[in-house]
Amino acid sequence: MLFAFHVFLSLVFFTLLHPVSCDFEPITGDDAKFCQGDLHVIYPSLGDVSCVYVPYCFGNYQCLRKVLGSPWIQYPHAKPKKLYTLIMVDPDAPSRSNPIHRFWRHWLVTDIPSDVLLRGKEVTGTVASPYHPPSPPAHIGYHRYQFLLYVQNLGISPSLNHSDRFLGPWDVYAFAHRCGLKDPVATTQFMTRNPHM
């Protein structure tokens, strides 16, 4: 009993001396370079997760995985009368060191009106691939969840073909090229990991 009490005290002191941060820390280094163009990914219960590490405390991971639906997307530079394509992918499937299923497709919406992006609310358009929440495997560290926003060419609505029927591996850039999409006008990402280490 005394031993268990000492272990408990040790854990308490360790936690006090090494607290787990529950703040959304900004992504830094080379990973931060992906965040360009002022694109915002907003989960109503979590807030804006653009270009941050989403910590797993306070149930954030469970919210991302099970509770919440697709995020709201805001792009304040959307041009009137333009339609947009939004893609969400995981380039780290199944792990960043061995991404043999890159890019795992989590969401694809086309024909998004500019006013939807300006408002920053729920995305409406043509859902070409339904939303799949982040679900990184345990024991492999952080995964990047990347969002790419493209302006569509007039009169062309991007669509998946038979070779795109699997979520991953998927060549997001080949898809963009085939559909006549130029470079994305904005990109961002957030990073999270499975709390089961």
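As a reminder, the structure under discussion sits directly above these lines.
Residues numbered from 1 in each chain as written. Predicted model: local features only at pLDDT ≥ 70, side-chain atom pairs only at ≥ 80, totals over all residues. Heavy atoms only, no water.

Undergrad: Teacher, can you tell me more about the nonpolar core here?
TA: Proteins that are soluble and globular tend to have nonpolar side chains buried together. In terms of nonpolar packing, the biggest core is built from 25 residues, with Ile73, Trp107 and Phe147 touching the most fellow members. Formed by 13 residues, the second largest nonpolar core is a distinct cluster that contains Tyr150, Val172, Phe175 and Cys179. (Core = buried A, V, L, I, M, F, W, Y, C linked by side-chain atoms within 4.5 Å. Buried < 20%, exposed > 50% of the residue type's maximum accessible area, 1.4 Å probe, protein only.)

Undergrad: What am I meant to see in the packing of aromatic side chains here?
TA: What describes a pair of aromatic rings is the distance from one ring centre to the other and the angle between the planes of the rings. Under the defined criterion, the tally for this structure stands at 8 aromatic pairs. Taking the centre distance of 5.4 Å and the plane angle of 80 degrees together, the rings of Trp107 and Tyr131 count as edge-to-face. One end of the pair, Trp107, is in strand S7 (residues 104-113); the other, Tyr131, is in the loop between strand S8 (126-129) and strand S9 (143-151), and 24 residues separate them in sequence. Relative to Phe175, the ring of Trp170 lies with its centre 5.3 Å away and its plane at 45 degrees, an arrangement referred to as tilted. (Phe/Tyr/Trp six-rings, centres within 6.5 Å; stacked < 30°, edge-to-face > 60°. Helix = DSSP H or I, 4+ residues; strand = E, 2+ residues; numbered from the N terminus.)

Undergrad: Got a minute to help me understand the state of the cysteines in this structure?
TA: Here is the idea: a disulfide is a covalent bond, and it sits between the sulfur atoms of two cysteines. Per the stated rule, a full pass over the model turns up 1 disulfide. Shown here is the disulfide that connects Cys35 with Cys51, its sulfur atoms set 2.2 Å apart. Around the S-S axis, the bridge from Cys35 to Cys51 shows a dihedral of about 95 degrees and counts as right-handed. Residue Cys35 is located in the loop between strand S1 (25-26) and strand S2 (40-43), and its partner Cys51 is located in the loop between strand S3 (47-48) and strand S4 (52-53); the two are separated by 16 residues in the primary sequence. By relative accessible area, Cys51 is classed as buried at 15%. (Disulfide = S-S within 2.5 Å.)

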